[in-house]
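Chains, contacts and geometry: an overview
Spelled out, the chains give:
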Amino acid sequence: MTNVVRKAVFPVGGMGTRFLPATKALPKEMLPVVDKPLIQYAVEEALASGIEFFIFVTGHGKSAIEDHFDSSIELERALARQHKSDALAAVTATILDPGQIAYTRQQEPLGLGHAVWCARELVGDEPFAVVLADDLVMSDVPCLRQMVDAHGECGGNMVAVMDVAPEHIDRYGILEVGEEKDALVEVRGLVEKPAPADAPSTLSVIGRYILQPEVFDHLGRGERGAGGEIQLTDAMARMIGSGPFHGLRFEGTRFDCGDKAGFLEANIAFALARDDLREQVVSLLGKYG
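Residues numbered from 1 in each chain as written. Predicted model: local features only at pLDDT ≥ 70, side-chain atom pairs only at ≥ 80, totals over all residues. Heavy atoms only, no water.

1. Things to note about the overall build of the protein
Helix and strand counts for the protein stand at eleven helices and 13 strands. Relative to the compact-globule value of 19 Å for 289 residues, the protein shows a C-alpha radius of gyration of 19 Å, a close match. In terms of overall dimensions, the protein has C-alpha extents of about 60 × 50 × 40 Å along its principal axes. For the protein, the residues scored as buried account for 47% of the 289 residues in total. Of all intrachain contacts in the protein linking residues separated by at least 6 positions in sequence, the fraction that spans at least 24 positions is 76%. By element, 50% of the accessible surface of the protein is carried by carbon and sulfur atoms, the whole surface being about 14,300 Å². Placing the 27 positive and 43 negative side-chain charges of the protein at their respective mean positions leaves the two points 5 Å apart. (Helix = DSSP H or I, 4+ residues; strand = E, 2+ residues; numbered from the N terminus. Rg over C-alpha atoms; globule rule 2.2 N^0.38 Å. Buried < 20%, exposed > 50% of the residue type's maximum accessible area, 1.4 Å probe, protein only. Contact = heavy atoms within 4.5 Å. Areas by Shrake-Rupley, 256 points an atom, 1.4 Å probe, with all protein chains shown as cover. Lys, Arg positive; Asp, Glu negative; His and termini not counted. Charge placed at Lys NZ, Arg CZ, Asp CG, Glu CD.)

The following block contains the structure:
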């Protein structure tokens, strides 16, 4: 089986309840960090990582995501008439080639594992990436690019990992760690949202995965895990031992944009990284220091 990763799945069916009322009519993936929605950062990362085919697993009220990655003829013509070339370039940069993007519906919010399973026919029999837009990573080399390059050498399944504070362990899938070599960590076990006292380590999975298609067989059982949902972590745990499985300690800073404080931090960090905004942002932050 090839190690080439051509397809990426973007589970975007969640309701975003932590950001209500902002997400009552707006998908949480469309919340902007500075001036780009979270889902655009995710797609741009995938493009920069060699992904060729983009699969969105949507839910009710997510049509704004489809519109964002489609042409808007009226807007484009208006910007062209007004000679707003920078704005025109910004809105057309999100348009993918015909046939490069597909949408499928997750009819019920049964968990991340169920959302990934919904993409099974579009993925087919090849390794694929899963990218969660809530996890925004600032890095010189895109996080998924780092994973794709490492996966090309070792194959199998791979997750992006980072150490988390002990008091936050029960928010994540946690690794039982084997041998470590450079940035790669052998995965010997996975536990979804354990109590800190029961956790095998502090090394957690974040929202970047490269998975073999066999994961669909495990997800297809429909077995419920933590929170009564079909957990992707549980399906991945069942594949341990059937082939290489690694965690990659990626280089970069991860922002949890599913959390209000993390989302605000991401806005500040990405604004400070821009030459056109840094001075203004520093001044504004000084006012509230």
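2. Things to note about the environment of Asp259
For Asp259, the location among the structural elements is in the loop between β13 (253-256) and α10 (260-272). On the basis of relative accessible area, Asp259 is assigned to the partly exposed category, the value being 28%. Separated by 124 residues in sequence, Asp259 and Asp135 have C-alpha atoms that sit 9.9 Å apart. Not counting residues up to four positions away in its chain, the partners in contact with Asp259 are Arg18 and Phe19. A distance of 3.0 Å separates a polar side-chain atom of Asp259 from the backbone nitrogen of Gly262. (Polar contact = N/O pair within 3.5 Å; in protein donor to acceptor, adjacent residues only side chain to side chain.)

3. Quick look at the side chain of Glu76
Here Glu76 is to be found in helix α3 (residues 73-81). Here Glu76 is buried and forms no salt bridge, its nearest opposite-charge partner Arg77 lying at an N-O distance of 7.6 Å. Each residue touching Glu76, except ones within four places of it in the same chain, is listed here: Ser71, Leu88, Val91, Thr92 and Ile95. (Salt bridge = Lys/Arg side-chain N within 4 Å of Asp/Glu carboxyl O.)

4. Some points on the packing of aromatic side chains
Counting across every chain of the model gives eight aromatic pairs. With centroids separated by 5.1 Å and ring planes inclined at 10°, the aromatic side chains of Phe128 and Phe216 adopt a geometry described as stacked. Taken together, the residues Phe128 in strand β6 (residues 128-131) and Phe216 in helix α8 (residues 215-219) connect sequence positions 88 residues apart. Taken individually, Phe128 and Phe216 each receive the classification buried, so the pair is uniform in this respect. Through pairs of rings, three or more aromatic residues link up here, namely Phe10, Phe54, Phe56, Phe69 and Tyr103. Lys36 extends its terminal NZ or CZ atom over the ring of Tyr41, reaching a point 4.6 Å from the ring centre. (Phe/Tyr/Trp six-rings, centres within 6.5 Å; stacked < 30°, edge-to-face > 60°. Lys NZ or Arg CZ within 6 Å of the ring centre and 35° of its normal.)

5. Concerning helix α1 (residues 38-47)
Extensive coverage of α1 is indicated by the burial of eight of its ten residues. Buried within α1 are the following residues: Leu38, Ile39, Gln40, Tyr41, Ala42, Val43, Glu45 and Ala46.

6. Comments concerning the nonpolar core
Among the nonpolar cores identified, the biggest contains 41 residues, and Phe10, Ile39, Phe56 and Leu144 are the most heavily contacted of them. Element by element, the count of residues in this core is highest for α1, at six residues. Ignoring sequence-local partners within four residues, the contact set of Ile39 consists of Phe10, Val12, Glu29, Met30, Phe56, Phe69 and Ala133. Core analysis: the next-biggest nonpolar cluster, separate from the first, contains 32 residues, Val116, Val159, Ile230 and Phe245 among them. (Core = buried A, V, L, I, M, F, W, Y, C linked by side-chain atoms within 4.5 Å.)

7. Observations regarding the confidence of the model for the protein
When pLDDT is averaged along the protein, the result is 92; 99% of the residues meet or exceed 70. Looking across the protein, the model is least confident in strand β9 (residues 173-181), with a mean pLDDT of 89, and most confident in β6, with 98. (pLDDT = per-residue confidence, 0-100.)

8. Some words on α10
Taking 1.5 Å of rise per residue, 13 residues should cover 18 Å, and α10 covers 19 Å from first to last C-alpha, within 8% of that figure. Considering only its buried residues, α10 is in contact with β2 (32-33), α1, β7 (135-138), β13 and α11 (278-287). Where α10 begins, the side chain of Asp259 points an oxygen toward the backbone nitrogen of Ala261, at a separation of 3.1 Å. (Expected span 1.5 Å × (residues − 1).)

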